[in-house]
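Summary of structural features
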Amino acid sequence: MATHETFMKRCLELAQNGLGTTFPNPLVGSVIVHNGIIVGEGWHRKAGEPHAEVHAIHSVKDTSLLEKSTLYVNLEPCSHFGKTPPCCDLIISRSIPEIVVGISDPFSKVAGEGIRKLVASGKKVTVGIIEKECAAINRRFFTFHNKKRPYIILKWAETADGFIAPKTRTQSSPVWITGEASRQLVHKWRSEEQAILIGTQTAVDDNPTLTTRDWAGRNPIRIVIDRHHRIPKENHIFDNQAETIVITEADIDFTQNPAAQLADFLYKRHIQSVIIEGGTKTLQTFIDAGYWDEARIFKGQMSFGDGVRAPQVFGTVYERHAISGDELLMLMNNDQYNYF
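Treat the numbers as computed from the prediction; the structure is a model and nothing was measured. (Residues numbered from 1 in each chain as written. Predicted model: local features only at pLDDT ≥ 70, side-chain atom pairs only at ≥ 80, totals over all residues. Heavy atoms only, no water.)

**Let's talk about the domain arrangement of the protein**
According to the domain assignment, the protein consists of domain 1 (4–142) and domain 2 (150–333). R140 is paired through a salt bridge with E193; the nearest N and O atoms lie 2.8 Å apart. On the surface where domain 1 and domain 2 come into contact, there are four residue pairs in polar contact (both at pLDDT 80 or more). Residue composition of the side of domain 1 that touches domain 2, by class: four nonpolar, two polar and two charged. (Domains from an automatic or database assignment. Salt bridge = Lys/Arg side-chain N within 4 Å of Asp/Glu carboxyl O. Polar contact = N/O pair within 3.5 Å; in protein donor to acceptor, adjacent residues only side chain to side chain. Nonpolar A, V, L, I, M, F, W, Y, C, P; charged D, E, K, R; others polar.)

**Describing the pairing of strand β11 (residues 273–276)**
Here is the key point about a regular strand: its side chains alternate between the two faces of the sheet. Here β11 shows a buried face lined by S273 and I275 and a second buried face lined by V274 and I276. In this sheet, β11 lies alongside strand β6 (residues 151–158) in parallel orientation, the contact comprising four bridges. Bridge pairing in β11 links I153 to I275. Both strand β8 (residues 195–198) and β11 contribute to a ladder of three bridges, which runs parallel. Counted as the bridge partner of A195 is V274 from β11. (Buried < 20%, exposed > 50% of the residue type's maximum accessible area, 1.4 Å probe, protein only. Helix = DSSP H or I, 4+ residues; strand = E, 2+ residues; numbered from the N terminus. Pairing = 2+ DSSP bridges.)

**With respect to the sheet that holds strand β2 (residues 37–43)**
Hydrogen bonds between backbone groups are what pair the strands of a sheet, and the pairing can be parallel or antiparallel. What the five strands build is an open sheet, ordered β2-β1-β3-β4-β5; its pairing is mixed. Each of the sheet's edge strands pairs with one partner strand only, and the pair in question is β2 and β5 (124–127). Here the strands of the sheet are splayed against their neighbours by 15 degrees on average, with no regard to which way each runs. (Axes fitted to C-alpha atoms, helices over the stretch in contact; angles between N-to-C directions.)

**Re the nonpolar core**
Counting 61 residues, the largest nonpolar core has M8, I57, L71 and Y72 as the members making the most contacts within it. Shared between two domains, this core holds at least three residues of each, these being domain 1 (4–142) and domain 2 (150–333). Excluding residues that lie within four positions of it along the chain, L71 makes contacts with S30, V31, I32, E53, I57, I91, I96, E98, I99 and V100. I221, L266, F286 and V313 belong to the second largest nonpolar core, which has 31 residues in total. (Core = buried A, V, L, I, M, F, W, Y, C linked by side-chain atoms within 4.5 Å. Contact = heavy atoms within 4.5 Å.)

**Overview of the pattern of salt bridges**
Under the defined criterion, the tally for this structure stands at 18 salt bridges. Between R139 and E294 there is a salt bridge whose closest N-O contact spans 3.2 Å. Taken together, the residues span a long stretch of sequence, with R139 in helix α6 (residues 139–147) and E294 in strand β12 (residues 294–299) at a distance of 155 residues. By sharing partners, the salt bridges in this structure join R10, E13 and E41 into a single network.

**Some points on helix α10 (residues 280–289)**
The α-helix winds at 3.6 residues per turn, so residues separated by three or four positions along the chain end up facing the same way. Within α10 the residues assigned to the buried category are T280, T282, L283, Q284, F286 and I287. Directly after α10, the chain includes G290, whose backbone phi takes a positive value near 80 degrees.

**Some words on the sheet that holds β12**
On the basis of which strands lie adjacent, the open sheet formed by eight strands has the order β10-β9-β8-β11-β6-β12-β15-β14 and mixed pairing. In this open sheet, the two edge strands, each paired with only one partner strand, are β10 (244–247) and β14 (316–323). Going across the sheet, the axis of each strand differs from the next one's by a mean of 20 degrees, ignoring polarity. Here β8 pairs with strand β9 (residues 221–225) via four bridges, running parallel. Within β9, the position partnered with A195 by the bridge is I221. Its contacts with the sheet place helix α9 (residues 258–268) against β9, β10 and β11, and it is angled at close to 145 degrees to β10.

**Considerations on the packing of aromatic side chains**
Under the counting rule described, the total for this entry stands at four aromatic pairs. Its end group placed over the ring of W176, R183 keeps NZ or CZ at 4.4 Å from the ring centre. The lysine or arginine in question, R309, covers the ring of F163, its NZ or CZ lying 4.1 Å from the ring centre. (Phe/Tyr/Trp six-rings, centres within 6.5 Å; stacked < 30°, edge-to-face > 60°. Lys NZ or Arg CZ within 6 Å of the ring centre and 35° of its normal.)

**Quick notes on the UniProt feature "active site" (unreviewed entry) in the protein**
When the UniProt feature table is mapped onto this chain, "active site" (unreviewed entry) is found at E53. Position of E53 relative to the elements: it lies in helix α2 (residues 52–58). Apart from the residues lying within four places of it in its own chain, the contact partners of E53 are S30, L71, V73, L75, P77, C78, C87 and I91. (UniProt positions renumbered as here; feature names shortened; annotations may be inferred.)

Structure representation (structure tokens):
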């Protein structure tokens, strides 16, 4: 017999379809159940477009079933007018008697008000179904609203002997440590996050594009630190393939906890998540300040013997994968909320 947990897991499966396209909104899926059978479902696809509950309600072919059904949604329905009308109003107007919510919404304009509105209208409302999973899928959204900063993902590739770059370089392009499969995965990740950040030296040495050219997805906003305006204007990051934001001394004080200031800089620009793909100096700055949530570390098979040491990070490995000869370790920061 299907349970609340079963239907909520389906909500999460649907919600995942919106990863990378709903910013600044959360990932939300919804199903409508009548006599233990799903009769409607939907997910939020893009900011400014209908929410998951709207798609689910409109997908029900026999609308007379709505007044005898239960609506499931992984995040509290909105109760305010934004770019779309309140979902609570639609739920109430369609006489859906029971609503099951995975977790309440931390956004100040909702924050329990949606639940209160539904209860006040006479609906049976259940809150708190597989809450950990519901928080995990929206860890970017929760971090942004609860901690007032983006969700920060560190990423780098290191050699078998622990170097991130060779001692000397003879080319102004990346020196690849990993294989094509790993690089394609990184491009997939880029499509899922709102922004990507690198430091000056990486921009100068590698001249990266920071796009999703090996994956079908949107390009992230490119954030580049250029304290003293050293990056040549003809570099790829200044092309028109994606939005680029340059951070200089005019924006932050680099002598006073730059990681915290950079996180605040991005928060004020409504950026919910960022991948840090810089060199060791940039990555270690965020690690030492404790401003990171995940670290995704590729270990290749080659050795440099000497060079630029990889960053030093300590966390709990929550996933480990073998990818065409490369090893991928995925760590979580033990000092941050454990979503995994």
